[in-house]
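Commentary on secondary and tertiary structure
The chain contents come next:
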Amino acid sequence: MTSFRMAEESKEASPVAEVPVVEEEEEELDAATKLQLEKQKRADELRAQEVFMQRSTGLHECNNCGWQYDEKKGDSFMIGGMIQPDTPFSELPSNYRCPTCRASKDNFSEVTEEIPGFAVNQGYGLGGNSMSAGTKNGIIFGGLAFFFLLFLGGYGMS
């Protein structure tokens, strides 16, 4: 307990010397905080500008059972299916039902593909900006595999 009192007494003995140091640190902290807040505000503005483009895949999925209506196929391949291929989902009759679970047309949701990046930049470049992540990966790793096989083929020729 005596050591605790000594620490308490030492704090009480020099409060005047510590107060100006704390005020200087608060002023520096305020300037640093202001800078950090300005950077955060700018980052938030840039995030608000980034709009991911949604591209329709032509599929509509039943929310109850997961069956997918493909506009290219229709549902004529199903038993009792009356919808011909190349019929858009919007042109289906209002009483259309899911062929597997009999859910109404309202229970379908459109399956979309997300294309990352700024929406204003989607039209630039050689078409790379409007590709999905899966397409870009396929091109990159497919190219690597092609050149690897080409490299191995060079050894086979000699």
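To start, this report covers the structure provided alongside it. (Residues numbered from 1 in each chain as written. Predicted model: local features only at pLDDT ≥ 70, side-chain atom pairs only at ≥ 80, totals over all residues. Heavy atoms only, no water.)

**So, the side chain of T87**
Take T87: it is sitting in the loop between strand 2 (68-70) and strand 3 (108-115). The class of T87 is buried, set by a relative accessible area of 17%. Within the structure, T87 has its side chain in polar contact with the backbone oxygen of Q84 (distance 2.7 Å). Leaving out residues up to four positions away in the same chain, T87 has contacts with Y69, E71 and L92. (Helix = DSSP H or I, 4+ residues; strand = E, 2+ residues; numbered from the N terminus. Buried < 20%, exposed > 50% of the residue type's maximum accessible area, 1.4 Å probe, protein only. Polar contact = N/O pair within 3.5 Å; in protein donor to acceptor, adjacent residues only side chain to side chain. Contact = heavy atoms within 4.5 Å.)

**Section: the pattern of salt bridges**
Using the criterion set out here, one finds three salt bridges in the structure. Measuring nitrogen to oxygen at the nearest pair gives 2.9 Å for the salt bridge that ties D44 to R47. Here D44 and its partner R47 are both found in helix 2 (residues 15-49), three residues apart, which amounts to about one turn of the helix. You can call D44 partly exposed: its relative accessible area is 38%. When its relative accessible area of 51% is taken as the criterion, R47 is described as exposed. Here R55 ties to E113 by a salt bridge, and the two come within 3.5 Å at their closest N and O atoms. Residue R55 is located in strand 1 (residues 53-62), and its partner E113 is located in strand 3; the two are separated by 58 residues in the primary sequence. Here R55 falls in the partly exposed class, since its relative accessible area comes to 34%. On the basis of relative accessible area, E113 is assigned to the partly exposed category, the value being 29%. (Salt bridge = Lys/Arg side-chain N within 4 Å of Asp/Glu carboxyl O.)

**Here we look at the sheet that holds strand 2**
Reading across from one edge, 2-1-3 is the order of the three strands in this open sheet, with antiparallel pairing throughout. Edge positions in the open sheet fall to strand 2 and strand 3, since each of these has one partner strand only. Across the sheet, the mean angle from the axis of one strand to that of its neighbour is 50 degrees, orientation sign disregarded. Where strand 1 lies against strand 3, eight bridges are found, and the strand directions are antiparallel. (Pairing = 2+ DSSP bridges. Axes fitted to C-alpha atoms, helices over the stretch in contact; angles between N-to-C directions.)

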